[in-house]
Protein chains: 2
Amino acid sequence: MNICAYSYEEYLNLIRSFHGNLAPGMIIGGFMVDLAMKNLPEGEFFDAICETPVCLPDAIQILTPCTIGNGWLSIINFGRFAVTLYEKYNGKGVRSFLDTKKLEYWPEVRDWYLKKKKKNEQDTDLLLEQIREAGTGLLGIQLVQVEPEKVRRKKMGPVGICRVCGEAYPLRHGESCLSCQGDTPYTAVTNVK
Amino acid sequence: MNICAYSYEEYLNLIRSFHGNLAPGMIIGGFMVDLAMKNLPEGEFFDAICETPVCLPDAIQILTPCTIGNGWLSIINFGRFAVTLYEKYNGKGVRSFLDTKKLEYWPEVRDWYLKKKKKNEQDTDLLLEQIREAGTGLLGIQLVQVEPEKVRRKKMGPVGICRVCGEAYPLRHGESCLSCQGDTPYTAVTNVK
């Protein structure tokens, strides 16, 4: 049983080093990316859409060339556990998702995924065992047509210097940067050097 | 000259394998994360804020334990090239940013960063050379107080099954999932299995 180019154990080690802990969603995510990769339509350049910010983006970043920082991975927060890989020019893609109808065979996975059990009631060993046994058996696959311009990162456009903070920012944001317009998470800022 | 735990050349190789190409922003990002790490306030658990989705999130994901998927990295799209590392409980943090006043000494970096030259007019070798020479000399550093609840990923909350697509989704989104409410990037979906 492989996850893309890795053995199962190698993939678990990649999870530990990149994501930090062996989250169930990272393991299912590995099977999910693997299944999508095996069902790619024809084409050369594939971008990724992840429909949740939880765990799954890291499986995509570990297993495909698509990352947040290079812009080939877009996250749309539908809160659905699903990944789409699509040809970046024509939008033809494949979508791999967690199929809730298939959860009935794997009760510990079902109770974890649908939040039927509190964390301290879960049997982590059994959960990870069922995920491994189920593999791609938890998943469904669809062919999709993507509108790339709906998900792709917007270009930054012309750049200016914010007259409040003095940093560069996209001029389309207005006369000063969004942080200086008040949308800031910082309540105090002290220059050090 | 090191970038966190790596030599400069090792870091360039990590960029190539994770991000794909030696983007100037990834190299500056490495210096930026390194500078922030060296100026951390006291504390044990640090989360990250990245003020742009371009390049910098990948430098953070390569060099710190914070990733998009584990929720310790938040991206706020101010379009400013800056990273903040903050203690996750008390919000005390350090912010490293590209200081536009310091760009004057590095004209090729300035012209690239402020988009004064088109891509085909840039001298890539000179640009990368100036970035390496400048190192943390392009950067400023600030102590900041963060409001963690303003940036932290929201909890998913109770989960239901969407009555349209049959997939699990956060009930707080309404009576069906956001994709089935019409906010979808897919114009056609065909079930395969």
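Remember, predicted model here, so these are calculated numbers, not experimental data. (Residues numbered from 1 in each chain as written. Chains lettered and ligands numbered in written order. Predicted model: local features only at pLDDT ≥ 70, side-chain atom pairs only at ≥ 80, totals over all residues. Heavy atoms only, no water.)

### Re the domain arrangement of chain A
For step 1, the next point in the chain: Segmenting chain A into domains produces domain 1 (2-151) and domain 2 (156-193).
For step 2, the next point in the chain: For domain 1 of chain A versus domain 2 of chain A, the distance between C-alpha centres works out to 36 Å. (Domains from an automatic or database assignment.)

### Overview of the relation of the copies chain A and chain B
For step 1, the next point in the chain: You can overlay chain A on chain B at an RMSD of 0.0 Å; the transform is a turn of 180° with a shift of 0.0 Å along its axis. Expressed as an axis order, the relation between the two copies is that of a two-fold axis. For chain A, the minimum C-alpha distance to the rotation axis belongs to Ile68(A) and amounts to 4.1 Å. (Least-squares fit on C-alpha atoms with pLDDT ≥ 70 in both.)

### A look at the packing of helix α1 (residues 8-18) of chain A against helix α3 (residues 56-63) of chain A
The description of two helices packed together rests on the angle between their axes and the distance between the axes.
All names here are of chain A.
For step 1, the next point in the chain: Direction vectors running N to C along α1 and α3 enclose 115°, while the axes themselves pass 11 Å from each other. Regarding the angle of α1 to α3, the classification is roughly perpendicular. Between α1 and α3 lies a crossing whose hand is right-handed. The residues of α3 that touch α1, namely those facing Tyr-11, Leu-14, Ile-15 and Phe-18, are Asp-58, Ala-59, Gln-61, Ile-62 and Leu-63.
For step 2, the next point in the chain: Here the residues of the contact of α1 with α3 sort into 7 nonpolar, 1 polar and 1 charged. (Axes fitted to C-alpha atoms, helices over the stretch in contact; angles between N-to-C directions. Helix = DSSP H or I, 4+ residues; strand = E, 2+ residues; numbered from the N terminus. Parallel < 35°, antiparallel > 145°, perpendicular 65-115°, else oblique. Left-handed = near helix turned anticlockwise from the far one by under 90°. Contact = heavy atoms within 4.5 Å. Nonpolar A, V, L, I, M, F, W, Y, C, P; charged D, E, K, R; others polar.)

### Regarding a positive patch on the surface
For step 1, the next point in the chain: Together, Lys115(A), Lys119(A), Arg153(B) and Lys155(B) line one region of the surface with positive charge.
For step 2, the next point in the chain: Given a relative accessible area of 76%, Lys155(B) falls into the exposed group. (Patch = residues over 30% accessible without salt bridge, like charges linked within 9 Å, V, L, I, M, F, W, Y side chains within 5 Å. Areas by Shrake-Rupley, 256 points an atom, 1.4 Å probe, with all protein chains shown as cover. Salt bridge = Lys/Arg side-chain N within 4 Å of Asp/Glu carboxyl O. Lys, Arg positive; Asp, Glu negative; His and termini not counted. Charge placed at Lys NZ, Arg CZ, Asp CG, Glu CD. Buried < 20%, exposed > 50% of the residue type's maximum accessible area, 1.4 Å probe, protein only.)

### A few points about the packing of aromatic side chains
For step 1, the next point in the chain: Throughout the structure, instances matching the rule amount to 7 aromatic pairs over all chains.
For step 2, the next point in the chain: Judged by centre distance (5.9 Å) and plane angle (45°), the rings of Trp112(B) and Tyr113(B) are tilted.
For step 3, the next point in the chain: Three or more aromatic residues link up through ring pairs in this structure, and these residues are Phe81(A), Trp112(A) and Tyr113(A). (Phe/Tyr/Trp six-rings, centres within 6.5 Å; stacked < 30°, edge-to-face > 60°.)

### Describing unusual backbone geometry
For step 1, the next point in the chain: Backbone geometry places Cys4(A), a non-glycine residue, at a positive phi of 50°.
For step 2, the next point in the chain: If you trace the backbone, Cys4(A) turns up in the loop between β1 (2-3) and β2 (6-7).

### Describing the pairing of strand β3 (residues 46-50) of chain A
Residue and element names in this part refer to chain A.
For step 1, the next point in the chain: For β3, the tally of buried residues reaches 5 of 5 residues, placing the bulk of the element in the interior.
For step 2, the next point in the chain: The alternating pattern of β3 places Phe-46, Ala-48 and Cys-50 and Asp-47 and Ile-49 on opposite faces, both of which are buried.
For step 3, the next point in the chain: Strand direction decides the pairing type here: β3 and strand β5 (residues 82-87), joined by 5 bridges, are antiparallel. Among the inter-strand pairings, Phe-46 is bridged to a residue of β5, identified as Glu-87.
For step 4, the next point in the chain: With 3 bridges connecting them, β3 and strand β4 (residues 73-75) associate as parallel partners. Following the sheet pairing, Ile-49 is matched in β4 by Ser-74.
For step 5, the next point in the chain: For the crossover that starts at β3, traverses α3 and ends in the parallel β4, the hand is right-handed. (Pairing = 2+ DSSP bridges. Right-handed = clockwise from strand over helix to strand, strands pointing away.)

### Things to note about a negative patch on the surface
For step 1, the next point in the chain: The grouping of Asp123(A), Asp125(A), Glu129(A) and Glu133(A) at the surface amounts to a negative patch.
For step 2, the next point in the chain: The residue Glu129(A) is located in helix α5 (residues 124-134) in this model.

### Some remarks on the sheet that holds strand β5 (residues 82-87) of chain B
For step 1, the next point in the chain: Here we have 6 strands laid out as an open sheet, ordered β10(A)-β7(B)-β6(B)-β5(B)-β3(B)-β4(B), and mixed in their pairing. The open sheet is flanked by β10 (186-191) of chain A together with β4 (73-75) of chain B, the only strands paired with a single partner. Neighbour-to-neighbour, the strand axes of the sheet open up by a mean angle of 25°, direction not taken into account.

### A look at the UniProt feature "domain: FmdE-like treble clef zinc finger" (unreviewed entry) in chain A
For step 1, the next point in the chain: Here, the residues flagged by UniProt with the feature "domain: FmdE-like treble clef zinc finger" (unreviewed entry) are residues 153-187 of chain A.
For step 2, the next point in the chain: The distance from the first to the last C-alpha atom of residues 153-187 of chain A is 29 Å, and the span holds 0% helix and 23% strand. (UniProt positions renumbered as here; feature names shortened; annotations may be inferred.)

### Quick word on the interface of chain A and chain B
Often the size quoted for an interface is simply the accessible area lost on bringing the parts together.
For step 1, the next point in the chain: Each side of the interface is counted separately: chain A has 69 residues, and chain B has 69 residues.
For step 2, the next point in the chain: Both sides together, the interface formed by chain A and chain B hides about 5,600 Å², and carbon and sulfur atoms give 56% of it.
For step 3, the next point in the chain: Among the salt bridges present, the one from Arg95(B) reaches Glu167(A), with a minimum N-O distance of 2.8 Å.
For step 4, the next point in the chain: Our enumeration of links across chain A and chain B arrives at 39 residue pairs in polar contact (both at pLDDT 80 or more).
For step 5, the next point in the chain: Broken down by secondary-structure element, the contributors of at least two residues to the side of chain A that touches chain B are α3, β5, β6 (92-98), β7 (139-146), α6 (148-151), β8 (159-161), β9 (168-170) and β10 of chain A.
For step 6, the next point in the chain: With 7 residues, β7(A) is the largest single contributor of residues to the side of chain A that touches chain B.
For step 7, the next point in the chain: Of the residues that constitute the side of chain A that touches chain B, the class distribution is 37 nonpolar, 20 polar and 12 charged.
For step 8, the next point in the chain: Relative to strand β10 (residues 186-191) of chain B, β7(A) runs antiparallel, the two being bridged by 5 bridges. (Buried area = accessible area lost by both parts, 1.4 Å probe. Polar contact = N/O pair within 3.5 Å; in protein donor to acceptor, adjacent residues only side chain to side chain.)

### Section: the UniProt feature "domain: Formylmethanofuran dehydrogenase subunit E" (unreviewed entry) in chain A
For step 1, the next point in the chain: In the UniProt entry, the feature "domain: Formylmethanofuran dehydrogenase subunit E" (unreviewed entry) is given for residues 18-139 of chain A.
For step 2, the next point in the chain: The straight-line gap between the two end C-alpha atoms of residues 18-139 of chain A is 24 Å; of that span, 34% is helix and 18% is strand.

### Details of the packing of helix α1 (residues 8-18) of chain B against helix α2 (residues 24-38) of chain B
Residues and elements named next belong to chain B.
For step 1, the next point in the chain: Packing of α1 against α2 brings their axes to within 11 Å, and their N-to-C directions diverge by 130°. It follows that α1 is oblique to α2 by the angle criterion. The element α1 and its partner α2 pack so that their crossing is right-handed. From α1, Tyr-8, Tyr-11, Leu-12 and Ile-15 reach across to α2, where they touch Met-26, Ile-27, Gly-29, Gly-30 and Phe-31.
For step 2, the next point in the chain: Across the contact of α1 with α2, the residue classes tally to 7 nonpolar, 2 polar and no charged.

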